[in-house]
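# Structural characterization, general
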Amino acid sequence: MTNKQATNQLTVTKTFFPPIEEYQTQIQRIWDNQWLTNRGALVLELEEKLKKHLAVPNVLAMTNGTLPIQIALKLFGKGGEVITTPFSYVATTSSIVWENCTPVFVDIHPEYLTIDETQIEAAITPNTIAILATHVYGNPCNVEVIEQIAAKHRLKVIYDAAHCFGVTYNNQSIFNYGDVSTCSFHATKLFHCGEGGAIFCQNEATMKELFFLHNFGHNGPLDFYGVGINAKMSELQAAMGLAVLPHIDFIIAERKKVVDYYNTQLNFTQLKKLKIRENTQWNYSYYPIIFENEAQLLVVQQVLNDNNIIPRRYFYPSLNNLPYVTKAAMSVTDSIAPCVLCLPLYVGLAESDLERIVRLINTVITSVAK
Ligand SMILES: *Cc1c(COP(=O)(O)O)cnc(C)c1O
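First, a word on what this report is: a plain description of the structure on this page. Treat the numbers as computed from the prediction; the structure is a model and nothing was measured.

## A short note on the overall build of the protein
Helix and strand counts for the protein come out as 13 helices and 15 strands. Seen through its C-alpha atoms, the protein measures out along the principal axes to roughly 70 × 55 × 40 Å. Sequence-distant contacts in the protein: of pairs separated by 6 or more residues, those separated by 24 or more amount to 69%. For the protein, the accessible area works out to roughly 16300 Å², and carbon and sulfur atoms hold 54% of it. One finds the centroid of the 28 positive side-chain charges in the protein at a distance of 2 Å from the centroid of its 33 negative side-chain charges.

## Observations regarding the packing of helix H11 (residues 294-306) against helix H13 (residues 351-367)
Following both chains from N to C, one finds H11 and H13 inclined at 140 degrees, their axes separated by 10 Å at the closest point. In this view, H11 runs oblique relative to H13, as classed from their interaxial angle. In terms of crossing hand, the pair formed by H11 and H13 is right-handed. Note on element contacts: H13 touches H11 through Ile357, Leu360, Ile361, Val364 and Ile365, opposite Val299, Val300, Val303 and Leu304.

## Some thoughts on the pattern of salt bridges
What the rule picks out here adds up to ten salt bridges. Ionic pairing is found between Glu45 and Arg29, a salt bridge with its closest N-O pair at 2.7 Å. Of this pair, Glu45 sits in helix H3 (residues 41-54) while Arg29 sits in helix H2 (residues 20-33), placing them 16 residues apart in sequence. Overall, Glu45 belongs to the partly exposed group, its relative accessible area being 23%. Of the residues examined, Arg29 reaches a relative accessible area of 24% and is grouped as partly exposed. Here Arg313 ties to Glu294 by a salt bridge, and the two come within 2.9 Å at their closest N and O atoms. Highlighted residues: Arg313 in the loop between strand E14 (309-310) and helix H12 (331-336) and Glu294 in helix H11, separated in sequence by 19 residues. Residue Arg313 is classed as buried on the basis of its relative accessible area, which comes to 16%. For Glu294, a relative accessible area of 27% gives the class partly exposed. A single salt-bridge network, built from bridges that share partners, covers Arg29, Glu45 and Lys49.

Rules used throughout
- Residues numbered from 1 in each chain as written.
- Predicted model: local features only at pLDDT ≥ 70, side-chain atom pairs only at ≥ 80, totals over all residues.
- Heavy atoms only, no water.
- Helix = DSSP H or I, 4+ residues; strand = E, 2+ residues; numbered from the N terminus.
- Contact = heavy atoms within 4.5 Å.
- Areas by Shrake-Rupley, 256 points an atom, 1.4 Å probe, with all protein chains shown as cover.
- Lys, Arg positive; Asp, Glu negative; His and termini not counted.
- Charge placed at Lys NZ, Arg CZ, Asp CG, Glu CD.
- Axes fitted to C-alpha atoms, helices over the stretch in contact; angles between N-to-C directions.
- Parallel < 35°, antiparallel > 145°, perpendicular 65-115°, else oblique.
- Left-handed = near helix turned anticlockwise from the far one by under 90°.
- Salt bridge = Lys/Arg side-chain N within 4 Å of Asp/Glu carboxyl O.
- Buried < 20%, exposed > 50% of the residue type's maximum accessible area, 1.4 Å probe, protein only.

Put into structure tokens, the structure is as follows:
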């Protein structure tokens, strides 16, 4: 493929690049400070700005969005069973297995696509330690019911909130729910540091333990709280975050325009869209469409690919089918995951391209109607 074709390709997402002068201003500060990592001025400033922007009591910046999940599982999971969703990115399940815990899958709700809270209690055993659920596509889980179940059975709740930057539920940050929430600041995510992530926790004592865990277990230079790992965010990552953050309202507003276009222009007689949970201020992070069957999806995907449009099958195959987990049939996930296609959604997606995407999809689904 030539470079020209590559640049003409419409991919599912495109990284937001802030104006380079704004990035250079942040990088210059690093040179002035002669300080690259170990929680320097830029990381501390980014944390303060995130706290304000998101209205959360605590945030700890990390080097990616996977280590916060692993660190939370290290603290809470203790090698036990962790109830989790099969419909998420692989990092949700791989973190459980990596921490020597056992994933116990619970099927998803057919419209919200988040873990089906009504099936959680049946999956609890004496070995269950925690629930690790994903607010998939930024759509909140039923946090109230999950909280009740967790309290009743004394379980910890960790939310993989990798997709949730800026999402509020009941007028507060979705990161304020659960014992711990994690986020990813990867280049493909709404807010990004190139690579990066964060952990959120309301409880000060737990936050302190998470802090020790993310920095080799250090409690001061010579003293150790316990075993730890290195998950620190560097100043270079924070520089990107500080350059992107001032544009976040613009990023979300531009994405909303794309979502509004899809919502009004796609022919939903044979397609379904994601149902966003009530009382949610969503962040327009992904645009999944749900076909009636996989055959339809494959035909549409092929036509789009032939036209240089590259949507992605997030999340397929579902995680209950990973080669390293005990296979468990999940009727809803197994029937829906093969039918979900995420459409291009990013800042700068031209209206003419949007029109083309919608026209192709609407034409194809009408012609392949069963
Ligand atoms: C992106 C993502 C992660 C991992 O985040 P990284 O920053 O790439 O490590 C975890 N969970 C979900 C649901 C994700 O989409």
